[in-house]
Amino acid sequence: MKLPGFIKNNLLFKVTSANAFLVFAKMGFTLITQKVLAIIIGAEGIALVGNLKNVTAFFEKFSVLGTSNGLVKYVAEYKDDKQKLNQLFSTTLLFSTAAALLSFCILFFGASFLNQSIFGETRDFKLIFKILAFVIPFLSLNAIVNALLNGLSAYKIFTKATLVIVVVNTVLIVGFTYKLGLYGSLVAVAIIPIVQFICYIVITFKTSFTYISLKGVTLNLSFKNKLLPYSLMTIVVVLFANINEIAIRRLIEHKISIADSGYWTAMNSISNAYMQFTAAIFPLYILPRYARITNTYNFRKEVKHIYKMLLPLLIVGLFLVFLLKQQIITLLYTTEFLEMSKYFKWQLLGDLVKFTAFVIAYQFLAKKQTTNFIITELFSVIVFYMLSVYFIDYYGTEGVVIAHFIRYILYFLVVLFILRKSFVGVNRAL
C-alpha cells in the first residue's frame, strides 16, 4: 500500500506522469510535422522556419514584458487571495498593452529590416512580420493563461489544453506547408498564437475566470515593482538567446552551408522534443515549489528529491535516444538528414548537464535574484557563441554541438559557485 500512497501524495510524480503522456503525444505529432517539412521544404526551409520560431519565441515573452515567471510565482503565492490576483492581472494587462503597441511598431514598420536580418537579402518574407504584428495581443493572452495554469499547478487542464493545441497546430502547419510550401510554413508559425488562444478559451474558460475577475481588473500598477525584476531577467536573456541562435544559424550558413544550418536546427528540434519530458516540470512544479522554500536545508532537500526522481529516468531516456539516433532521424526526416547523427553524442551530454544545472539555477527566478540570473544566462549565451565560432573552423557544424556541451559544463560550475552557500555550511534563510 506504500506505493499508491506515495503516488497519491507526490505532486512531482503526478506532474511528471501527466507530462510524460503529453510529451509522447507531442512527439507523435512532431513526427508528422517534421516529416512533412523535411520532404516539402528540406533542410534549408527548416533552417528558415527555425529563424522565425526564434523571433516568435522572443515576442511571446516580450508580449507580457517578460513577466511570465513572475506571474507563475505570484499566482502560486496568492491563489487564495482574489484581491491580490486582481491587482496582479491589472498590472499585467497594462504591461501587455504597452508591449503590444511597441511590438506592433517594431514588426510592422520594421518588417524590411527584420526580413533582411533574419532571412537575408535574397528572400522576401516581409508580410510574415506584418502578420505577426497583429498577432501579438494573442501571444500575451496565451502567456497569461499559461502562467495561471502553471502557478496553480493545474497539470490536468494544462495537459488537456496543450494536447489539443498540438493537434490543431500540426494540422495547421501540415496543411499550409502542403498548399504553399515554405511560405505556408512561415504563415502557419505566425498565426498559430491565434489558434492557441481559441483553444485556451474553450478548454480553460471555467478555471481562468475563477481566478481572473474582469470586473476586478483595473488600471493600476500595484505589482510593478514585484514583476519588473522578472521582466528585466526574461527580456534580456530571451532576446540574447534567440538572437544568438539566429546568429549561429547564419554562421553555419556562411561558413559551411544552409543545409548544415538546417541539420543543426533539426538537431535542436529533436532535443526540444525529448527534453519536453522535463521542461514542464520547471514552471509547473519547481518554480512554485522554490517560491515557497525559505531556507537552505529545504532547498537542498528539494533538489535531492528532484534529482533522485528524474535524473535516472533522464539518463536512461537519453541513452535510448543515442542508441536509436539513426532510426529517429529517418523517422522524423529523410535520409538526407543522416549527416546529423554525429551531433547526438554532444547534444545529449550537453542536455543532461543543462537539466542538472537548471534544477539548481531556478532558485534565481524563484527568489528574484536578478543579477545572478542575468549574469549566468548571458555568460552561457556569450560563451556558446564564442565557442561555436572557434570550434566550427576545426570540426564544422559538429563543433557547434561540442560548444553546446562545454557551454553547460561552464554554466553549471558558475551556478554552483554562486549558490555554494546553499549547499555548504549551516542552515540559513534564503
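Residues numbered from 1 in each chain as written. Predicted model: local features only at pLDDT ≥ 70, side-chain atom pairs only at ≥ 80, totals over all residues. Heavy atoms only, no water.

S.K.: Help me out: how do you make sense of the overall build of the protein chain in this one?
M.R.: The helix and strand inventory of the protein chain stands at 18 helices and zero strands. A compact globule built from 430 residues should have a C-alpha radius of gyration of about 22 Å, and the protein chain, at 21 Å, falls within 12% of that. With the principal axes as the frame, the protein chain shows a C-alpha extent of 55 × 45 × 45 Å. The proportion of buried residues among the 430 residues of the protein chain is 54%. Taking contacts inside the protein chain between residues at least 6 apart in sequence as the whole, the part at least 24 apart equals 82%. Split by element, the accessible area of the protein chain, about 19100 Å² in all, is 68% carbon and sulfur. Between the centroid of the 40 positive side chains of the protein chain and the centroid of its 17 negative side chains there is a distance of 15 Å. (Helix = DSSP H or I, 4+ residues; strand = E, 2+ residues; numbered from the N terminus. Rg over C-alpha atoms; globule rule 2.2 N^0.38 Å. Buried < 20%, exposed > 50% of the residue type's maximum accessible area, 1.4 Å probe, protein only. Contact = heavy atoms within 4.5 Å. Areas by Shrake-Rupley, 256 points an atom, 1.4 Å probe, with all protein chains shown as cover. Lys, Arg positive; Asp, Glu negative; His and termini not counted. Charge placed at Lys NZ, Arg CZ, Asp CG, Glu CD.)

S.K.: Explanation requested: the domain arrangement of the protein chain in the structure shown.
M.R.: How big an interface is tends to be reported as the loss of accessible area on association of its parts. The domains assigned to the protein chain are domain 1 (27–226) and domain 2 (257–429). Between domain 1 and domain 2, the C-alpha centre-to-centre distance is 23 Å. Contacts between domain 1 and domain 2 engage 29 residues on the former and 27 residues on the latter. Applying the counting rule to domain 1 against domain 2 returns zero salt bridges. At the junction of domain 1 with domain 2, the criterion picks out five residue pairs in polar contact (both at pLDDT 80 or more). Contributing elements (two or more residues each) for the side of domain 1 that touches domain 2: helix 2 (11–40), helix 3 (42–62), helix 4 (68–78), helix 7 (126–151), helix 8 (155–180) and helix 10 (224–255). (Domains from an automatic or database assignment. Salt bridge = Lys/Arg side-chain N within 4 Å of Asp/Glu carboxyl O. Polar contact = N/O pair within 3.5 Å; in protein donor to acceptor, adjacent residues only side chain to side chain.)

S.K.: Help me out: how do you make sense of the nonpolar core in this one?
M.R.: A general tendency of soluble globular proteins is for nonpolar side chains to be buried together. Counting residues in hydrophobic clusters, the biggest one holds 135 residues, and the most contacted among them are Ile 286, Tyr 290, Tyr 333, Phe 337, Met 340 and Val 359. Among the domains, domain 1 (27–226) and domain 2 (257–429) are the pair contributing at least three residues each to this core. Residues in contact with Met 340, not counting those within four places in the same chain, are Tyr 263, Ala 266, Met 267, Ile 270, Ile 329 and Tyr 333. (Core = buried A, V, L, I, M, F, W, Y, C linked by side-chain atoms within 4.5 Å.)

S.K.: What's the story with unusual backbone geometry in this structure? I'm lost.
M.R.: A negative phi angle is the norm for most residues apart from glycine, just as the trans form is the norm for most peptide bonds. Look at Leu 65: it is not a glycine, yet its phi comes out positive at around 55°. Among the structural elements, Leu 65 can be located in the loop between helix 3 and helix 4. Residue classification places Leu 65 among the buried residues on the basis of a relative accessible area of 17%.

S.K.: What is the right way to read the packing of aromatic side chains from this model?
M.R.: Both the distance between ring centres and the angle between the ring planes are used here to describe each pair of aromatic rings. Applying the stated criterion across every chain, the model contains 30 aromatic pairs. With a centroid separation of 6.4 Å and 90° between ring planes, the pair formed by Phe 59 and Phe 62 is classed as edge-to-face. With Phe 59 and Phe 62 both in helix 3, this residue pair falls three residues apart, about one helical turn. Residue Phe 59 is classed as buried on the basis of its relative accessible area, which comes to 5%. Using a relative accessible area of 9% as the deciding quantity, one classes Phe 62 as buried. Residues Tyr 78 and Phe 223 carry aromatic rings whose centres are separated by 5.9 Å and whose planes lie at 80° to one another, so their mutual orientation is edge-to-face. Of the two residues, Tyr 78 sits in helix 4 while Phe 223 sits in the loop between helix 9 (182–211) and helix 10, which places them 145 residues apart along the sequence. Each residue in the set Phe 282, Phe 355, Phe 358, Tyr 362, Tyr 408 and Tyr 411 is aromatic and connected to the rest through ring pairs, giving one cluster. Lying across the ring of Tyr 78, Lys 84 places its NZ or CZ 5.7 Å from the centre. (Phe/Tyr/Trp six-rings, centres within 6.5 Å; stacked < 30°, edge-to-face > 60°. Lys NZ or Arg CZ within 6 Å of the ring centre and 35° of its normal.)

S.K.: Just to check I follow, could you spell out the confidence of the model for the protein chain for this structure?
M.R.: Where the model shows low pLDDT, its predicted coordinates should not be examined in detail. Overall, the predicted model of the protein chain reaches an average pLDDT of 87, with 92% of residues at or above 70. Within the protein chain, the lowest mean pLDDT, 47, falls on helix 1 (residues 2–9), and the highest, 96, falls on helix 17 (residues 398–418). In the model, residues 1–7 has pLDDT below 50 throughout and makes four contacts with residues more than four positions away in sequence or in other chains. (pLDDT = per-residue confidence, 0-100.)

S.K.: What exactly am I supposed to notice about the packing of helix 4 against helix 7 here?
M.R.: Packed helix pairs are specified by the crossing angle of their axes together with the interaxial distance, meaning the distance between the axes. The N-to-C vectors of helix 4 and helix 7 enclose an angle of 40°; their axes lie 8 Å apart at closest approach. Overall, the two elements helix 4 and helix 7 adopt an arrangement that is oblique. In the packing of helix 4 onto helix 7, the handedness of the crossing is right-handed. In this structure, helix 4 uses Ser 68, Leu 71, Val 72, Val 75 and Ala 76 to contact helix 7, whose residues at the interface are Ala 143, Ile 144, Ala 147, Leu 148, Asn 150 and Gly 151. Here the residues of the contact of helix 4 with helix 7 sort into eight nonpolar, three polar and no charged. (Axes fitted to C-alpha atoms, helices over the stretch in contact; angles between N-to-C directions. Parallel < 35°, antiparallel > 145°, perpendicular 65-115°, else oblique. Left-handed = near helix turned anticlockwise from the far one by under 90°. Nonpolar A, V, L, I, M, F, W, Y, C, P; charged D, E, K, R; others polar.)

S.K.: What should I look at first to understand the packing of helix 5 (residues 82–109) against helix 10 in this one?
M.R.: It is at 10 Å that the axes of helix 5 and helix 10 come closest, and there the two elements cross at 50°. Classed by the angle they form, the pair helix 5 and helix 10 counts as oblique. Where helix 5 crosses over helix 10, the two elements pack in a sense that is right-handed. Here Leu 88, Thr 91, Thr 92 and Phe 95 of helix 5 lie close against helix 10, whose contacting residues are Lys 224, Leu 227 and Leu 228. Per-class residue counts for the contact of helix 5 with helix 10 are four nonpolar, two polar and one charged.

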